[in-house]
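Listed below, chain by chain, are the residues.
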Amino acid sequence: LELSEKRIAYGRQQGLNMVPALTDDQQFHIIYANQVLEHVPDPKATMNELISHTLPGGVICISVPNSDGVPSEIKAHGGRPRKALMPVQPLEHINSFTHTTLAQLGEQAGLALMPVSQWRRRLAAMLPVPTTKIPRLGGLTLYFRKAQG
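Residues numbered from 1 in each chain as written. Predicted model: local features only at pLDDT ≥ 70, side-chain atom pairs only at ≥ 80, totals over all residues. Heavy atoms only, no water.

What follows deals with the sheet that holds strand S4 (residues 140-145). A sheet is described by the order of its strands in space; here four strands give the open sequence S1-S2-S4-S3, paired in mixed fashion. Sheet topology places strand S1 (28-34) and strand S3 (112-114) at the edges, where each strand pairs with a single neighbour. Looking at each pair of strands side by side, their axes are set apart by 25° on average, direction ignored. Pairing of strand S2 (residues 54-64) with S4, which is carried by six bridges, proceeds in the antiparallel orientation. By the bridge assignment, isoleucine 62 is partnered in S4 with leucine 142. Strands S2, S3 and S4 of the sheet are contacted by helix H4 (residues 99-108), whose axis makes an angle of about 20° with S4. (Pairing = 2+ DSSP bridges. Helix = DSSP H or I, 4+ residues; strand = E, 2+ residues; numbered from the N terminus. Axes fitted to C-alpha atoms, helices over the stretch in contact; angles between N-to-C directions. Contact = heavy atoms within 4.5 Å.)

Located in the positive-phi region is glutamine 35, a residue other than glycine, with phi close to 60°. Here glutamine 35 is to be found in the loop between S1 and helix H2 (43-52). We classify glutamine 35 as partly exposed; its relative accessible area is 27%. (Buried < 20%, exposed > 50% of the residue type's maximum accessible area, 1.4 Å probe, protein only.)

A separate point is the environment of isoleucine 30. Here isoleucine 30 shows up in strand S1. Expressed as a C-alpha distance, the spacing of isoleucine 30 and phenylalanine 144, which sit 114 residues apart in the sequence, is 10.0 Å.

Within H2 the residues assigned to the buried category are Pro43, Thr46, Met47, Leu50 and Ile51. Buried residues of H2, viewed axially, fall in a sector of 145°; they line one side. Looking at the buried side of H2, the elements it contacts are S1, S2, H4 and S4. (Arc of directions from axis to C-beta.)

Quick look at the environment of methionine 18 now. One can find methionine 18 in the loop between helix H1 (5-13) and S1. Of the residues examined, methionine 18 reaches a relative accessible area of 17% and is grouped as buried. For methionine 18 and isoleucine 8, which are 10 residues apart along the polypeptide, the C-alpha to C-alpha distance reads 5.8 Å. In contact with methionine 18, not counting residues within four places along its chain, are Glu2, Arg7, Ile8, Gly11 and Arg12.

Core analysis: the biggest nonpolar cluster contains 20 residues, and Leu37, Met47, Ile60, Ile62, Val64 and Leu102 have the highest contact counts within it. Elements supplying a minimum of two residues to this core: S1, H2, S2, H4 and S4. Leaving out residues up to four positions away in the same chain, isoleucine 60 has contacts with Ile31, Leu50, Ile51, Thr54, Leu111, Leu142, Tyr143 and Phe144. (Core = buried A, V, L, I, M, F, W, Y, C linked by side-chain atoms within 4.5 Å.)

Another aspect to go through is the pairing of S2. Among the 11 residues in S2, nine count as buried, and that is most of the element. Bridge analysis of S1 against S2 gives six bridges, and the strand direction is parallel. Pairing of isoleucine 30 across the sheet is with valine 59, part of S2. Taken together, S1, H2 and S2 constitute a β-α-β crossover, and its handedness is right-handed. (Right-handed = clockwise from strand over helix to strand, strands pointing away.)

The next subject is H4. Here H4 has its buried residues at Leu102, Ala103, Leu105 and Gly106. One side of H4 holds all its buried residues, which, seen down the axis, span an arc of 155°. For H4, the secondary structure elements touched by its buried residues are H2, S2, S3 and S4. At the C-terminal side of H4, glycine 110 shows a positive phi close to 95°.

Dropping the structure here:
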């Protein structure tokens with residue numbers, strides 16, 4: 001699901017099937033949620049919604065700002081970090097995730113964490129464009145697989 005007309009146009013130019021709105025019965029092989037979970041009031045409900053739109057055996061890619069190291073950064077500078085901390089700033093980030101907490105969220109929802117190498121091979125086999133055309137994600141990115149059925 002992409003709301004930005006500019007990003008929809010770019011994705012379509014790259015040969016991707018961009019979805020501007022969802023219906024209840026739509027399901028996909030791959031769902032790519034980039035910088036979403038840190039903004040929603042109930043990440044578990046959002047994850048379950050993503051799962052409901054993922055085909056059996058499909059993949060959900062989740063990317064969020066990485067909160068690993070944030071507590072030590074704040075502590076090291078007397079409660080005033082020396083730089084802006086993306087995971088907790090700007091103020092619209094109402095959730096914060098580390099590798100462990102994001103992995104737990106997916107696993108509690110019944111998803112299997114996938115190694116990056118397995119994800120890249122699967123993605124390359126499914127897409128009509130080379131994987132080099134897909135932007136690199138910053139922050140923390142994990143790949144989950146939905147059970148076959």
